[in-house]
Amino acid sequence: MKTDSEGGRFFEQINRLHRLVCMEDMVLRLNPGEMMMLMQVECFLEEHPESPGVKPSELTMDGYISKPAVSKMIGTLEEKGYLMRTASRQDRRVVYVNLTELGRKNLEAERNYRDEAVRQITERMGGEDMERLLELTEKFILCAKEAFRRR
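These figures come from a predicted structure and were not determined experimentally.

**Student:** Whenever I open this one, the overall build of the protein confuses me. Can you help?
**Tutor:** Of the regular secondary structure elements, the protein holds 5 helices and 2 strands. When its helices and strands are written in sequence order, the protein yields α-α-α-β-β-α-α. Over its C-alpha atoms the protein spans a radius of gyration of 19 Å, topping by over 25% the 15 Å that the globule rule assigns to 151 residues. C-alpha atoms of the protein, sized along the principal axes, occupy 60 × 40 × 25 Å. Of all 151 residues assigned to the protein, the portion counted as buried reaches 23%. Positive and negative side-chain charges in the protein, numbering 25 and 27 respectively, have mean positions lying 5 Å apart.

This is how it looks when you write it as structure tokens:
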């Protein structure tokens, strides 16, 4: 029964962290999903500077996000002015996604905001505790991936 207790405690803490992040998002211009999508676009473009953009199918995070969900998120970010879609000149059926200047500025502003929040948390927790938390989180993620793969 100790495992159930640990599991309950763990998921309660994850839930508390999730609520904290969701409440914090109310003051941000981007929700976590939008932020992640912009970061994915930016990362792809940095890794492929010769590319005319990123294809929506390349934003599924190896199948973790469905194509319809990616399409909807791109549409939302396009409406907000953070992304733009352009058709390929060689094949009009192919669409590329790029960050707009507004998207780049807001992505940078969100990063600065979150970096400052983490800096303040680290200051209160202490650098060693934060480093230990990050190491343990990474270890947990690796163990969880293995455990869930076995299911």
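**Student:** I would appreciate a short explanation of helix α4 (residues 101–125) in the present structure.
**Tutor:** An α-helix turns once per 3.6 residues; consequently, residues spaced three or four apart project the same way. The end-to-end C-alpha separation of α4 is 36 Å, in line with the 36 Å expected for 25 residues at 1.5 Å each. Within the span of α4, buried status applies to Gly-103, Asn-106, Leu-107 and Glu-110. Buried residues belonging to α4 abut α2 (32–47) and β2 (95–99). Count one or two residues on from α4 and you reach Gly-126, which has phi positive near 105 degrees.

**Student:** What exactly am I supposed to notice about a nonpolar patch on the surface here?
**Tutor:** Taken together, Leu-17, Leu-20 and Val-21 make up a surface patch of nonpolar side chains, about 260 Å² in accessible area. Position of Val-21 relative to the elements: it lies in helix α1 (residues 2–25). For Val-21, a relative accessible area of 36% gives the class partly exposed.

**Student:** Help me out: how do you make sense of the packing of α2 against α4 in this one?
**Tutor:** Each packed pair of helices is defined by two parameters, the angle between the axes and the distance between the axes. Running from N to C, α2 and α4 point in directions that differ by 115 degrees, and their axes come no closer than 11 Å. With respect to the hand of their crossing, α2 and α4 are arranged in left-handed fashion. Every residue of α4 that contacts α2 at Pro-32, Met-35, Leu-38, Met-39 and Glu-42 is listed here: Gly-103, Leu-107, Glu-110, Arg-111 and Arg-114. Taken together, the residues of the contact of α2 with α4 break down into 5 nonpolar, 1 polar and 4 charged.

**Student:** Teacher, can you tell me more about the pairing of β2 here?
**Tutor:** Sheet faces and side chains relate simply in a regular strand, where the side chains alternate between the two faces. Counting buried residues along β2, 4 of its 5 residues qualify, which places the element largely inside the surrounding structure. Of the pairings in the sheet, the one linking strand β1 (residues 83–87) to β2 comprises 5 bridges and is antiparallel in character. Its bridge partner lying in β2, Met-84 is registered against Asn-98.

**Student:** Looking at this model, I keep getting lost on the packing of aromatic side chains. Mind explaining?
**Tutor:** Aromatic ring pairs: the centre-centre distance and the angle between the two ring planes describe each pair. Taken as a whole and assessed by the stated rule, the structure comprises 2 aromatic pairs. On the numbers, 5.0 Å between centres and 80 degrees between planes, the contact of Phe-10 with Phe-11 is edge-to-face. On the accessibility criterion, Phe-11 (54% relative accessible area) is exposed. Where Phe-10 meets Phe-140, the ring centres are 4.6 Å apart and the plane angle is 40 degrees; that geometry is what we call tilted. Here Phe-140 lies in helix α5 (residues 127–149) and Phe-10 lies in helix α1, a separation of 130 residues in the sequence. Residue Phe-10 is classed as partly exposed on the basis of its relative accessible area of 26%. By relative accessible area, Phe-140 is classed as partly exposed at 40%. A network of ring pairs unites the aromatic residues Phe-10, Phe-11 and Phe-140 as a single cluster.

**Student:** When you look at the side chain of Glu-42 in this model, what are you seeing that I'm missing?
**Tutor:** Structurally, Glu-42 is set in helix α2. Residue class for Glu-42 comes out buried when judged on its relative accessible area of 16%. The contact partners of Glu-42, leaving out residues within four places of it in the chain, are Leu-99, Leu-107 and Arg-111.

Scoring rules and cut-offs
Residues numbered from 1 in each chain as written. Predicted model: local features only at pLDDT ≥ 70, side-chain atom pairs only at ≥ 80, totals over all residues. Heavy atoms only, no water. Helix = DSSP H or I, 4+ residues; strand = E, 2+ residues; numbered from the N terminus. Rg over C-alpha atoms; globule rule 2.2 N^0.38 Å. Buried < 20%, exposed > 50% of the residue type's maximum accessible area, 1.4 Å probe, protein only. Lys, Arg positive; Asp, Glu negative; His and termini not counted. Charge placed at Lys NZ, Arg CZ, Asp CG, Glu CD. Expected span 1.5 Å × (residues − 1). Contact = heavy atoms within 4.5 Å. Patch = residues over 30% accessible without salt bridge, like charges linked within 9 Å, V, L, I, M, F, W, Y side chains within 5 Å. Areas by Shrake-Rupley, 256 points an atom, 1.4 Å probe, with all protein chains shown as cover. Salt bridge = Lys/Arg side-chain N within 4 Å of Asp/Glu carboxyl O. Axes fitted to C-alpha atoms, helices over the stretch in contact; angles between N-to-C directions. Left-handed = near helix turned anticlockwise from the far one by under 90°. Nonpolar A, V, L, I, M, F, W, Y, C, P; charged D, E, K, R; others polar. Pairing = 2+ DSSP bridges. Phe/Tyr/Trp six-rings, centres within 6.5 Å; stacked < 30°, edge-to-face > 60°.

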